[in-house]
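Fold and contact review
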Amino acid sequence: MRAIWKGAVSFGLVSIGVKLYSATEEKDIRFHQVHRADGGRIRYKRTCQVCGEEVTYDDIAKGYDLGGGEMVILTDEDFAELPLTSSRAIDVLEFVPAEQVDPILYNKAYFLEPEGSATKPYVLLRDALADSERVAIVKVALRQREQLATLRVREGVLLLNTMLWPDEVRTPDFGFLDEDLKVRPPELAMASSLIDSMAGTFEPDAFTDDYRAALQEVIDAKVEGREVVQPEEEEAAPAAAVDLMAALKASVERARAARGEEPARGAGEPTPISAARSAQKAAKKAAKAPAKKAAEKKAAAKKAEPAKKAAAKKTAEKKAAKAPAKKAAAKKAAPRKTA
């Protein structure tokens, strides 16, 4: 690691020389903007909107916009005159219980390494801080800005956490906060049971960045000229439940099943949501039954109609066949009657 800052921790009348190192690093996969046709890097020029000329870094200053087109220009000399007397010191202000510091205030983390002969006072502060079960509230100037921070012990090293100032934290302003919403005791008890069933010990190494791993696989496949193996699709999220209590019960049973625990008593009994779904299915079946019978009757009628026509045709043919015989018999009988 490379030290990004050197200074001293001011602890009462004790001064401890330290080096500052970034304690974290982003693992995001970074890309360059390139020309799609030939892969050439895209470069941006720093040009002035007024004169249109390209500007070098030496000619760039900081400007504060007053609005209405007015700008106040600040140079490096202006910043040098600011009262940052603690520019190379980490001043310990007080020691407080760690739980009193809201995690939302934490910003960036840095390791502190003792420099030169400062190892012994460094270890003394580290051990005393660990025994006190408190964190030190300090002020430090980094990158030309004074910042509030904490000092605590992590894995035998002093860790500096820079913090946001209180006025940099927004106040939540949402409509539901003004609504008078009541949570029923059974729902609260079931939610607490769900939390208990999902309780565990936090192990950061158990979690991975699946998106970054998949993206790296795509890049490796492109480099090696092979096909990308598509990852298995994750299980679809369940649809929103119509009954909160039933959803909580189902969630508890699911969490217990994931842990290999036996379901609670009555787990096989229908819940309000399952009963409602069963009722809906029964209603759909009942609605479909008359329509099905009508369709069957219609189909039977259609089937019977050709048979009926065939029978009528057959009867007509028989009648037609009998007619000549009947006439002949009548003709034969007529002379006998006259004689």
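Described in the following lines is the structure provided in the data block. Note that the coordinates shown come from a computational prediction; the quantities given were computed from them, not determined experimentally. (Residues numbered from 1 in each chain as written. Predicted model: local features only at pLDDT ≥ 70, side-chain atom pairs only at ≥ 80, totals over all residues. Heavy atoms only, no water.)

**Here's the deal with the overall build of the protein chain**
Counted only if it meets this: A run of H or I in DSSP becomes a helix once it reaches four residues, and a run of E becomes a strand once it reaches two; helices and strands are each numbered from the N terminus. To sort residues, take the accessible area from a 1.4 Å probe on protein chains only and compare it with the maximum for the residue type: under 20% means buried, over 50% means exposed, and anything in between is partly exposed. Contacts are residue-level and defined by heavy atoms, with any inter-residue pair within 4.5 Å sufficient. All accessible areas in this document rest on Shrake-Rupley with a 1.4 Å probe, and a residue is counted as covered only by the protein chains that are shown.
Assigned secondary structure in the protein chain consists of 6 helices and 9 strands. Looking at the protein chain as a whole, 16% of its 339 residues qualify as buried. Within the protein chain, contacts between residues separated by at least 24 positions form 60% of all contacts whose residues are at least 6 apart in sequence. As presented, the protein chain carries roughly 28000 Å² of accessible surface, and 55% of it is formed by carbon and sulfur atoms.

**As for the packing of helix α3 (residues 185-197) against helix α5 (residues 244-258)**
So the rule is basically this: The angle between two axes is taken between their N-to-C directions and runs from 0 to 180 degrees, where each axis is a line fitted to C-alpha atoms and a helix contributes only its stretch in contact. Angles below 35 degrees are treated as roughly parallel, those above 145 as roughly antiparallel, those between 65 and 115 as roughly perpendicular, and all remaining angles as oblique. The sense of a crossing depends on the near helix, which, turned anticlockwise from the far helix by less than a right angle, makes the crossing left-handed and, turned clockwise, makes it right-handed. Polarity classes work like this: nonpolar for Ala, Val, Leu, Ile, Met, Phe, Trp, Tyr, Cys and Pro, charged for Asp, Glu, Lys and Arg, and polar for all others, with Gly in that last group.
Interhelical geometry of α3 versus α5 gives an angle of 20° and a closest axis separation of 9 Å. Relative to α5, α3 is oriented roughly parallel. The way α3 lies across α5 gives a crossing that is left-handed. Residues Pro186, Glu187, Met190, Ala191, Ser193, Leu194 and Ser197 of α3 lie in contact with α5, whose contacting residues are Leu244, Met245, Leu248, Lys249, Ser251, Val252, Ala255 and Arg256. Of the residues belonging to the contact of α3 with α5, the class tally is 9 nonpolar, 3 polar and 3 charged.

**As for empty space enclosed by the protein**
Which entries qualify depends on this criterion: The pocket and cavity definitions rest on a 1 Å grid over protein atoms only: a 1.4 Å probe that fits but cannot leave marks a cavity, an open set with protein on both sides within 12 Å along at least five of seven lines marks a pocket, and residues lining either have an atom within 4 Å of a point. Grid points are joined across faces, edges and corners, and a volume is the space filled by probe spheres set on the points.
One pass over the full model with this rule turns up 1 cavity of 30 Å³ or more. By volume, the largest cavity is sized at about 30 Å³. Lining the largest cavity are Asn107, Arg145, Glu146, Gln147, Leu148, Met163, Leu164, Trp165 and Glu168. Broken down by element, the lining of the largest cavity gets its largest block of residues, 4 residues, from strand β8 (residues 145-154).

**Quick notes on the nonpolar core**
Quick reminder of the rule: For this analysis, a nonpolar core means a set of buried residues of the types Ala, Val, Leu, Ile, Met, Phe, Trp, Tyr and Cys, connected via side-chain atoms within 4.5 Å.
Core analysis: the largest hydrophobic core is formed by 21 residues, its most contacted members being Val9, Val18, Ile90, Leu112, Val138, Leu151 and Leu160. Contributions of two or more residues to this core are made by β1 (5-11), β2 (14-22), β5 (89-97), β6 (106-114), α2 (119-132), β7 (134-142), β8 and β9 (157-163). Broken down by element, this core gets its largest block of residues, 4 residues, from β7. Val96, Val101, Val135 and Leu148 belong to the second-largest nonpolar core, a separate cluster that totals 7 residues.

**Thoughts on the side chain of Thr162**
Position of Thr162 among the secondary structure elements: in strand β9. Thr162 sits in the buried class, given a relative accessible area of 1%. Beyond its immediate stretch of four places on either side in the chain, Thr162 contacts Leu105, Tyr106, Asn107, Lys108, Tyr110, Leu142, Gln147, Leu148 and Ala149.

**A word on the pattern of salt bridges**
Stated precisely, the cut-off is as follows: Salt bridge, as used here, is a side-chain nitrogen of Lys or Arg placed within 4 Å of a carboxyl oxygen of Asp or Glu.
For the structure on display, the rule yields 10 salt bridges. Taking the shortest distance from any N to any O, the salt bridge between Lys6 and Glu115 comes out at 3.9 Å. Of this pair, Lys6 sits in strand β1 while Glu115 sits in the loop between β6 and α2, and the two are 109 residues apart along the sequence. Judged by its relative accessible area of 44%, Lys6 is partly exposed.

**Some words on unusual backbone geometry**
Residues other than glycine predominantly adopt negative phi, and peptide bonds predominantly adopt the trans conformation. One non-glycine residue with positive phi stands out, namely Glu133, at about 55°. With respect to the element layout, Glu133 can be found in the loop between α2 and β7. Residue Glu133 is classed as exposed on the basis of its relative accessible area of 68%. The phi dihedral of Glu155 is positive, around 55°, even though this residue is not glycine. Mapped onto the elements of the fold, Glu155 is located in the loop between β8 and β9.

**A few points about the sheet that holds β7**
Rules: Only when DSSP finds a minimum of two bridges between them are two strands counted as paired.
One closed barrel accounts for 7 strands, arranged β1-β2-β6-β9-β8-β7-β5; its pairing is mixed. Adjacent strand axes in the sheet meet at a mean angle of 40°, parallel and antiparallel pairs treated alike. Pairing of β1 with β2 involves 7 bridges; the strand directions are antiparallel. Looking at the pairing, Trp5 lines up with Leu20 of β2. In the packing of α2 onto the sheet, contacts are made with β1, β2, β5, β6, β7, β8 and β9, and the angle to β9 comes to roughly 70°.

**Some words on α5**
Applied cut-off: Under the convention used throughout, the expected extent of a helix is 1.5 Å for every residue step, that is, one less than its residue count.
For α5, built from 15 residues, the straight-helix expectation of 21 Å at 1.5 Å per residue is met to within 8% by its first-to-last C-alpha distance of 21 Å. Met245, Ala246, Leu248, Val252 and Ala255 are the residues of α5 that are buried. Positioned one or two residues after α5, Gly260 has a phi angle of 80°, which is positive.

**Notes on the environment of Ser192**
Position of Ser192 among the secondary structure elements: in helix α3. Residue class for Ser192 comes out partly exposed when judged on its relative accessible area of 34%. Taking the C-alpha atoms as reference points, Ser192 and Val252, 60 residues apart in sequence, are found 9.8 Å from one another.

**Quick notes on the environment of Val157**
Among the structural elements, Val157 can be located in strand β9. Excluding residues within four positions of it along the chain, Val157 makes contact with Phe111, Leu112, Tyr122, Arg126 and Arg152.

**Comments concerning a nonpolar patch on the surface**
Our working rule: Like charges are joined within 9 Å and nonpolar side chains (Val, Leu, Ile, Met, Phe, Trp, Tyr) within 5 Å, but only among residues with over 30% relative accessible area and no salt bridge; these make up the patches.
A grouping of Tyr64, Leu66, Val72 and Leu74 is seen on the molecular surface, where their side chains present a nonpolar patch of about 370 Å² in accessible area. At the level of elements, β3 (62-67) and β4 (70-74) are the ones that each hand at least two residues to the nonpolar patch. For Leu74, the location among the structural elements is in strand β4.

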